[in-house]
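Single-letter residue listing:
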Amino acid sequence: MSDLKTPLLDELEKGAWPSFVKDLKTMADKKPMVKDLLRQLEKSYTDKRGYWKHGGLVGVMGYGGGVIGRYSALPDEFPGVSHFHTVRVNQPSGWFYTADALNELLDIWDEHGSGLLNMHGSTGDLVFLGTVTDELEPTFRALTAKDWDLGGSGSDLRTPSCCVGPARCQNACYDTLALTYDLTHKYQDELHRPMFNYKFKIKMSGCPNDCTAAIARSDLGIIGIWKDDIQVDQAAFAEYVDSGMDIQGAVVDKCPTKCISVEGKEIKIDNSDCVKCMHCINTLPKALKVGKERGAAIVLGAKAPIVEGALFGSVMVPFMKMDDFEELHDLIERIWEFWDEHGKNRERIGECVERVGLANFIEGIGLEPIPQMIKEPRDNPYIFYEEYYEEE
Amino acid sequence: MAGEISIEQIADEMYQLVAESAGQKKLKSTDLTKAMTSKYGDKVSKQDCKDAIKMLIDSGRCVYGYYGGSSIELPRVEGSANQ
Ligand code: HEM
Ligand code: HEM
Ligand code: SF4
Ligand code: SF4
């Protein structure tokens, strides 16, 4: 690596944390691509500007998404990264892999690409970083031969993703993994053949802790919730009291709706006032558990600020049973139908709803307006006065 | 549910639209679908249009592009990707 001089990048190796620079250097002798990646990055640090160009037309036959085209703006100086496309690989639900499966993926990528990858990209996919156009079809063939598939990109359904849910978490109110698997298969066309105005992300969280951040990062968030009472184990609660924990300060005072009280070593929750923020359950996991009547709340329209400002999801359905997913499929298809009909190019569904108005949207997808259709938690309830006018 | 108008015919007409607008306007999947449904009304369904697009793409007559939104375009010319 004698010809590799990267004084600025070297600074990044000095901190306490693992450094991607160190990682890349271990690959630089094996892959000319990685060496030029480091060299180009060093130059962009020196010049304080990026040298990547977005590539318009790369992909694999039949699919309109899954590959992000990337070219160096300085191909003569850095021939190794003259092409440096990213391949999104659809992750297994909850990101569970066997060691064999991982080895399979790594072998494919060592053979066809830079050998560099992300576990995982923000959307959820496993991300293969850097290959040339001619290697895209062979990579795709190698992946599909082992039953892997590409994820979404472009104006399509992005790879659905979920929290680990019932596989590892006692808070799960429905099977997030099963739903992710179901949606990924049911909407193959929407995932691989862009037919939308813009991207559409679906994220599944098993409970209101919302570990996938669905409320902020997905066009459609499916967030587990319960309808009945928080389950209480009073003996376990008494143990928390005996341990000397500051129950008043850590739990009672922090309940946003002040619906918890403690008498002696007993906890009382006025569930009719509980807004299911999860705080008490997170703080006293041995004593408190989510209720038994479980399902999910459906929120719609979150996005990060790209074309317009950031949006949070609005509640569309406060509670939906998640036994089979048909009611949800039906809702998703009505939402897409409306978006097809009324959406503009590069307008996310949340922006479309803001433009046409929530009332029109709700009517358009055939939902009944209800007070739970809030814009943000405990803020701006939408109230529909039409019926009052009609009565007068 | 291809009734009076076959999927092949829809695909051919879509191809015409793509070819005519090449270099001027990028057409999206929804543009092609809307063009067909407004021309033929109930005689073509959205599913027919999806099937026609699939046929165009899988046969290689058209490809997906991505530049300010996903579009359906004529196959790439060698070297054009890097412009
Ligand atoms: C930069 C380095 C690392 C990061 C960012 C990281 C991050 C995390 C996070 C966010 C969790 C979940 C939080 C939690 O369980 O409370 C976790 C769990 C875990 N980490 Fe790490 N980790 C790192 C390095 C390591 C290393 C070096 C080891 C082992 C030698 C390790 C072993 C584990 C184990 C066993 C768990 C699961 C704990 C459980 O199931 O409760 N991690 N890590
Ligand atoms: C409010 C949000 C979150 C909560 C309450 C949470 C909680 C936890 C807990 C309790 C564990 C240990 C699991 C166990 O003992 O079985 C864990 C592990 C872990 N979490 Fe999170 N987490 C959250 C968000 C996230 C996010 C957003 C990510 C990644 C993008 C993440 C990545 C991980 C990883 C990698 C582990 C370790 C692997 C494992 O133990 O399975 N977590 N988390
Ligand atoms: S969202 Fe809820 S169910 Fe899912 S992992 Fe987080 S705490 Fe568990
Ligand atoms: S979940 Fe939140 S609102 Fe409900 S009782 Fe617990 S702390 Fe209070």
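Before reading further, recall that the structure is shown in the block above.
In this text, all values refer to a predicted model and were calculated from it rather than measured experimentally.

S.K.: Looking at this structure, I do not really get the interface of chain B and chain A. What am I missing?
M.R.: It is common to give the size of an interface as the accessible area lost on bringing the parts into contact. Listed per partner, the contact involves 22 residues of chain B and 27 residues of chain A. Surface buried jointly by chain B and chain A totals about 2300 Å² across both partners, of which 48% is contributed by carbon and sulfur atoms. Of the charged contacts, one joins Lys54 of chain B and Asp189 of chain A as a salt bridge, the two residues approaching to 3.4 Å between their closest N and O atoms. Across the chain B-chain A interface, the total number found is seven residue pairs in polar contact (both at pLDDT 80 or more). Elements supplying a minimum of two residues to the side of chain B that touches chain A: α2 (29–40), α3 (46–58), β1 (63–66) and β2 (70–73) of chain B. Top contributing element to the side of chain B that touches chain A by residue count: α3 of chain B, with five residues.

S.K.: It is not clear to me how a nonpolar patch on the surface should be interpreted in this structure. Could you clarify?
M.R.: Taken together, Leu8, Leu12, Phe20 and Tyr45 of chain A make up a surface patch of nonpolar side chains, about 350 Å² in accessible area. Of note, Leu12 of chain A is situated in the loop between α1 (7–11) and α2 (20–28).

S.K.: Explanation requested: the nonpolar core in the structure shown.
M.R.: Across soluble globular proteins, nonpolar side chains have a tendency to be buried as a group. Residue and element names in this part refer to chain A. With 41 residues, the main nonpolar core has Phe200, Ile222, Met322, Ile335 and Phe361 as its most contacted residues. For this core, the elements supplying multiple residues, two or more each, are α6 (176–186), β7 (202–205), β8 (220–226), β13 (294–300), β14 (314–320), α12 (326–342), α13 (349–356) and α14 (358–364). Counting residues per element, this core draws most heavily on α12, which supplies seven residues. Discounting residues that sit within four places of it in the chain, Phe361 has contacts with Leu300, Met316, Ile335, Phe338, Ile349, Val353 and Val356. Core analysis: the next-biggest nonpolar cluster, separate from the first, contains 23 residues, Ala236, Tyr240, Ile267 and Val290 among them.

S.K.: What exactly am I supposed to notice about the packing of helix α1 (residues 7–21) of chain B against α2 of chain B here?
M.R.: The axes of two packed helices give the description: the angle between them and the distance between them. Residues and elements named next belong to chain B. At their nearest, the axes of α1 and α2 sit 10 Å apart, and the two run at 120° to each other. Classified by the angle their axes make, α1 and α2 are oblique. Remark: the crossing between α1 and α2 carries right-handed chirality. Between α1 and α2, the contacting residues are Gln9, Ile10, Glu13, Met14, Leu17 and Val18 on the first element and Leu32, Thr33, Ala35, Met36, Lys39 and Tyr40 on the second.

S.K.: Just to check I follow, could you spell out the sheet that holds strand β2 (residues 67–72) of chain A for this structure?
M.R.: To summarise the sheet geometry, strands pair through backbone hydrogen bonds and adopt either a parallel or an antiparallel arrangement. Residue and element names in this part refer to chain A. One open sheet holds the five strands; their spatial order is β1-β2-β3-β5-β4, and the pairing between them is antiparallel. Of all the strands in the sheet, just β1 (52–55) and β4 (116–118) have a single pairing partner and so form its edges. Taking the axes of each pair of neighbouring strands and ignoring which way they run, one obtains an average angle of 25° across the sheet. One ladder, built from four bridges, connects β1 with β2; its direction is antiparallel. Considered in β2, the bridge of Gly55 is made with Gly69.

Criteria and cut-off values
- Residues numbered from 1 in each chain as written.
- Chains lettered and ligands numbered in written order.
- Predicted model: local features only at pLDDT ≥ 70, side-chain atom pairs only at ≥ 80, totals over all residues.
- Heavy atoms only, no water.
- Contact = heavy atoms within 4.5 Å.
- Buried area = accessible area lost by both parts, 1.4 Å probe.
- Salt bridge = Lys/Arg side-chain N within 4 Å of Asp/Glu carboxyl O.
- Polar contact = N/O pair within 3.5 Å; in protein donor to acceptor, adjacent residues only side chain to side chain.
- Helix = DSSP H or I, 4+ residues; strand = E, 2+ residues; numbered from the N terminus.
- Patch = residues over 30% accessible without salt bridge, like charges linked within 9 Å, V, L, I, M, F, W, Y side chains within 5 Å.
- Areas by Shrake-Rupley, 256 points an atom, 1.4 Å probe, with all protein chains shown as cover.
- Core = buried A, V, L, I, M, F, W, Y, C linked by side-chain atoms within 4.5 Å.
- Buried < 20%, exposed > 50% of the residue type's maximum accessible area, 1.4 Å probe, protein only.
- Axes fitted to C-alpha atoms, helices over the stretch in contact; angles between N-to-C directions.
- Parallel < 35°, antiparallel > 145°, perpendicular 65-115°, else oblique.
- Left-handed = near helix turned anticlockwise from the far one by under 90°.
- Pairing = 2+ DSSP bridges.

Remember, this is a structural readout, not a statement about activity or role.
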